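Chain residues, written in single-letter form:
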There are 2 protein chains.
Amino acid sequence: MNDRRLAEQVRIVGSGLLGASIGLGLRGHGVDVIVEDASPSARNLAIAYGAGRAPAADDAPGLIVVAVPPDVTADVVAAELQRFPDALVTDVASVKVAPLDDLRSRGADLTRYLGTHPMAGRERGGAVSARGDLFTGRPWILAGHDAISYRRAAPIEHMILDLGAVPIEMDAHDHDRSVALVSHAPQLVASLLAARLRDGSAASLGLTGQGLRDTTRIASSDPALWVQILGANAPAVADVLRPMRDDLDAVLTALDAPDAPASRRVLADLLAAGNDGVARIPGKHGQDKRYTALVVKIDDKPGELARLLTEIGEEKVNMEDLRLEHSPETKVGFAEISVLPQKAHALAAALEARGWTLMEAER
Amino acid sequence: MNDRRLAEQVRIVGSGLLGASIGLGLRGHGVDVIVEDASPSARNLAIAYGAGRAPAADDAPGLIVVAVPPDVTADVVAAELQRFPDALVTDVASVKVAPLDDLRSRGADLTRYLGTHPMAGRERGGAVSARGDLFTGRPWILAGHDAISYRRAAPIEHMILDLGAVPIEMDAHDHDRSVALVSHAPQLVASLLAARLRDGSAASLGLTGQGLRDTTRIASSDPALWVQILGANAPAVADVLRPMRDDLDAVLTALDAPDAPASRRVLADLLAAGNDGVARIPGKHGQDKRYTALVVKIDDKPGELARLLTEIGEEKVNMEDLRLEHSPETKVGFAEISVLPQKAHALAAALEARGWTLMEAER
């Protein structure tokens, strides 16, 4: 219970998924965690799940974690800074400029505040969904600013490390621009495309392949939460979407005269730009490695995929990624297995010798 | 070698991935397959791979399959109809209205032509990538029209069934509208979003999560082929993208005044429309089932995933889908396993009892 960096008593305000998960994780390291929430029933639920204890009159938290919706984050941070004049305060909202500007304009004590953003991926659920290991291996941004000293901020980094996450320092504006590009704009784009599916016939949707499934997957996200996130980061999101709208206008003009050479060039340039953009996404573990994909046919019966993976393990090959693909109206699936290029040929031969059918990979 | 429906000699014009794969598949059933190509070297390569034999003076094909790029499909179909006045002719281009209209305007003999589109998913590679089982379990659209009789078209359906694909009859206009919605527009949307990544910093792209990866995956497709596809189906693609552009304009206006109640409503409505749209995508096997997802933590060492799937098999649970998720800069992965809702609870308990760590699923 003592394998921890964090020495402070921690007060968590907001007992949703993130707050309760932080509480559970820190309690697992023996930290004294206080849970508070504007809703007493939500607070009591988080306490029942083991996220911490109820506040007491003699609480003296060294670190306060504000885990409330983006709209009210600055309000709650300001109130906590006032109420506990010796405490360091952080928040975990997924936007960082708006709360910082808001606090600065109120004259809040920024020498004791540093905002953060855990890239924990699952953004709904409440305390019932909380897990102490929610942050294991996830990047957790610290949005640095000039008013707080490195030394004063240290307990926040200790908490992040205790929770198994990876601290990454990033200026608040850079953070908001980054998440606008890699998270907020993609959310809207997926929703814009998925919204078109409302008008499609059942026969059309029956032809859906893996491409459309992947492109629209995140469109199932919670609207209420996303309206807050998008509202709080609106300028940065618009900066991504506005040039995209201009590109889309150019595409629509090209589609109106598809046989004109200039139109073909517009389409080809955009598709090539997409090639270039997607190639910039780092691979697994943040490295920019490229893997070779093998596509193996899998009969739709229990145990086939497990058998395949077991046999890949027997060939002493480490699988870097795996994607399953189904085609509608069929009982056959395909497993796309990514391996190091120098392993691909021998593995393909070994799997064929074991009776598996390999297909040519799409990419 | 005689387990086949198709009785005719088959001539395949175009020896790329699709043409050569059809040849390989039919040869596996003992069909006499002739391979032709405007490029003699491409033809000879396909023949070397076993896709068929070279043309001879006394060829009398009953079925001709035109497997050339969309731009020249109508030209080649018209030439084949003239050269072989008794043969049935089909094509496999991914657009269906343009070739049919073109052939009709030339006065081609449409009583012997029926266009098709195998949804084979892998659209590059040439004969070197060909596989006789490329079409196994895939939908294969027959774009019906009034000039050809059901009986005259039968050999095409026989070929599709011999190749293990699933024949689906669909009007040419319905086909083009359908693929515009489920394939062509998503391709452009993925490219439009991925194109924005060219301007992002490496630090921004380092925060990329599974959402952006999925949303942009197909942006790595071949521009040259897609320019042809989009050009040949331009009006239908524009019909999908134009209302999307209007929605995007409304979003941009909302992002300019994010605190206005009307702006919040615009964003909430779009996100909810995305929820509705993505919910219309059929599940595996074309059914509209919903599965429950369990997310299991996987250590990044060989054999862990195989062990998990083996143990799921031991629990006698059939996994309906599997998605792997990595976070950058970490050695931990997550497997999202979809199972029937009534199986989820017992499986989760069994896996936890076996020592696995389950996380709350995102959806």
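Residues numbered from 1 in each chain as written. Chains lettered and ligands numbered in written order. Predicted model: local features only at pLDDT ≥ 70, side-chain atom pairs only at ≥ 80, totals over all residues.

*Asks:* Before we go on, may I ask you to explain the overall build of chain A in this structure?
*Replies:* Broken down by element type, chain A carries 13 helices and eleven strands. Its C-alpha atoms put chain A at 70 × 55 × 40 Å along the principal axes. In chain A, of all internal contacts separated by at least 6 residues, the share reaching a separation of at least 24 is 71%. (Helix = DSSP H or I, 4+ residues; strand = E, 2+ residues; numbered from the N terminus. Contact = placed C-beta atoms within 7 Å.)

*Asks:* How do you make sense of the interface of chain A and chain B when you look at a structure like this?
*Replies:* By a widely used convention, the size of an interface equals the accessible area lost when the partners come together. Listed by partner, the interface residues are 117 residues for chain A and 116 residues for chain B. Elements represented by at least two residues in the side of chain A that touches chain B include exactly α6 (172-196), α7 (202-205), α8 (210-216), α9 (223-232), α10 (234-256), α11 (261-279), α12 (304-314) and β9 (321-326) of chain A. When residues in the side of chain A that touches chain B are grouped by element, the largest group, 18 residues, is from α6 of chain A. Per-class residue counts for the side of chain A that touches chain B are 58 nonpolar, 31 polar and 28 charged. (Nonpolar A, V, L, I, M, F, W, Y, C, P; charged D, E, K, R; others polar.)

*Asks:* It is not clear to me how the relation of the copies chain A and chain B should be interpreted in this structure. Could you clarify?
*Replies:* Between the two copies of the chain lies a relationship made up of a rotation around an axis and a movement along it. In the superposition of chain A on chain B (RMSD 0.1 Å, axial shift 0.0 Å), the rotation amounts to 180°. Here the copies are linked by what is in effect a two-fold axis. Residues of chain A ranked by C-alpha distance from the rotation axis are headed by T215 of chain A, positioned 1.9 Å from it. (Least-squares fit on C-alpha atoms with pLDDT ≥ 70 in both.)

*Asks:* Looking at this model, I keep getting lost on unusual backbone geometry. Mind explaining?
*Replies:* Of all residues except glycine, most have a negative phi; of all peptide bonds, most are trans. Residues and elements named next belong to chain A. If you check the backbone angles, K316 has positive phi at about 60° while not being a glycine. One can find K316 in the loop between α12 and β9. When the 12 C-beta atoms within 10 Å are taken as the criterion, K316 is described as exposed. (Buried ≥ 20, exposed ≤ 12 C-beta atoms within 10 Å, placed from the backbone.)

*Asks:* Looking at this structure, I do not really get the pairing of strand β6 (residues 139-143) of chain A. What am I missing?
*Replies:* Looking down a regular strand, the side chains alternate between one sheet face and the other. Residue and element names in this part refer to chain A. Summarising burial for β6: five of the five residues are buried, a large majority. The alternating pattern of β6 places P139, I141 and A143 on one face and W140 and L142 on the opposite face, and all of these are buried. Bridge count for strand β5 (residues 115-118) against β6 is four bridges, and the pairing is antiparallel. Looking at β6, one finds that H117 is bridged to I141. As paired strands, β6 and strand β7 (residues 166-169) are joined by four bridges and run parallel to one another. In the sheet register, I141 faces β7, and the bridge partner there is I168. Viewed along the sheet, the connection from β6 through helix α5 (residues 150-162) into β7 turns out right-handed. (Pairing = 2+ DSSP bridges. Right-handed = clockwise from strand over helix to strand, strands pointing away.)

*Asks:* Could you clarify how one ought to interpret helix α13 (residues 341-353) of chain B in this entry?
*Replies:* Counting along an α-helix, one turn takes 3.6 residues, and residues three or four places apart therefore face a common direction. Between its terminal C-alpha atoms α13 of chain B stretches 19 Å, which fits the 18 Å expected from 13 residues at 1.5 Å a residue. Within two residues after α13 of chain B, G355 of chain B carries a phi angle of roughly 100°, on the positive side. (Expected span 1.5 Å × (residues − 1).)

*Asks:* Explanation requested: the sheet that holds strand β6 (residues 139-143) of chain B in the structure shown.
*Replies:* Consider a sheet: its strands pair through backbone hydrogen bonds, and that pairing is either parallel or antiparallel. Residues and elements named next belong to chain B. On the basis of which strands lie adjacent, the open sheet formed by three strands has the order β5-β6-β7 and mixed pairing. The open sheet has two edge strands, β5 (115-118) and β7 (166-169), and neither has a second partner. Across the sheet, the axes of successive neighbouring strands diverge by a mean angle of 25°, strand direction being ignored. (Axes fitted to C-alpha atoms, helices over the stretch in contact; angles between N-to-C directions.)

*Asks:* What exactly am I supposed to notice about the domain arrangement of chain A here?
*Replies:* According to the domain assignment, chain A consists of domain 1 (10-170), domain 2 (176-279) and domain 3 (288-359). Distance between the C-alpha centres of domain 1 of chain A and domain 3 of chain A: 42 Å. (Domains from an automatic or database assignment.)

*Asks:* Is there a simple way to explain the packing of helix α6 (residues 172-196) of chain B against helix α10 (residues 234-256) of chain B in this structure?
*Replies:* For any two helices packed against each other, the geometry comes down to the angle between their axes and how far apart the axes lie. Residue and element names in this part refer to chain B. It is the contact of α6 with α10, at a shortest axis distance of 8 Å, that shows an interaxial angle of 65°. Pair α6 / α10 crosses with right-handed handedness. Contact residues: D176, R177, A180, L181, H184, A185 and L188 in α6; A236, V237, D239, V240 and L241 in α10. Looking at the contact of α6 with α10, its residues break down into eight nonpolar, one polar and three charged. (Left-handed = near helix turned anticlockwise from the far one by under 90°.)

*Asks:* Is there a simple way to explain the nonpolar core in this structure?
*Replies:* The nonpolar side chains of a soluble globular protein tend to be buried with one another. Within the largest apolar cluster, 240 residues are counted, with the highest numbers of intra-cluster contacts made by A51 and V237 of chain A together with A51 and V237 of chain B. Residues within four places of A51 of chain B in sequence aside, it is in contact with S15, A20, G23, L24, R27, V33, V35, A46, A127 and A130 of chain B. (Core = buried A, V, L, I, M, F, W, Y, C linked by C-beta atoms within 7 Å.)

*Asks:* Would you mind going over helix α4 (residues 97-106) of chain A with me for this structure?
*Replies:* Residue and element names in this part refer to chain A. Among the residues making up α4, those that are buried are V97, A98, P99, L100 and L103. On its buried face, α4 is in contact with α3 (73-83), β4 (88-91), β5, α6 and α9. Downstream of α4 by one or two residues, G107 has phi in the positive range, about 75°.

*Asks:* Quick question: what am I supposed to make of the sheet that holds strand β4 (residues 88-91) of chain B here?
*Replies:* Residues and elements named next belong to chain B. Here four strands make up an open sheet; going across it, the order is β2-β1-β3-β4 and the pairing parallel. Edge positions in the sheet fall to β2 (33-36) and β4, since each has one partner strand and no second. For this sheet, the mean angle separating the axes of adjacent strands, direction not counted, is 20°. Note: strand β1 (residues 10-13) against β2, four bridges, orientation parallel. By the bridge assignment, V13 is partnered in β2 with E36. Packed onto the sheet, helix α5 (residues 150-162) meets β3 (63-66) and β4 and runs at close to 45° relative to β4.

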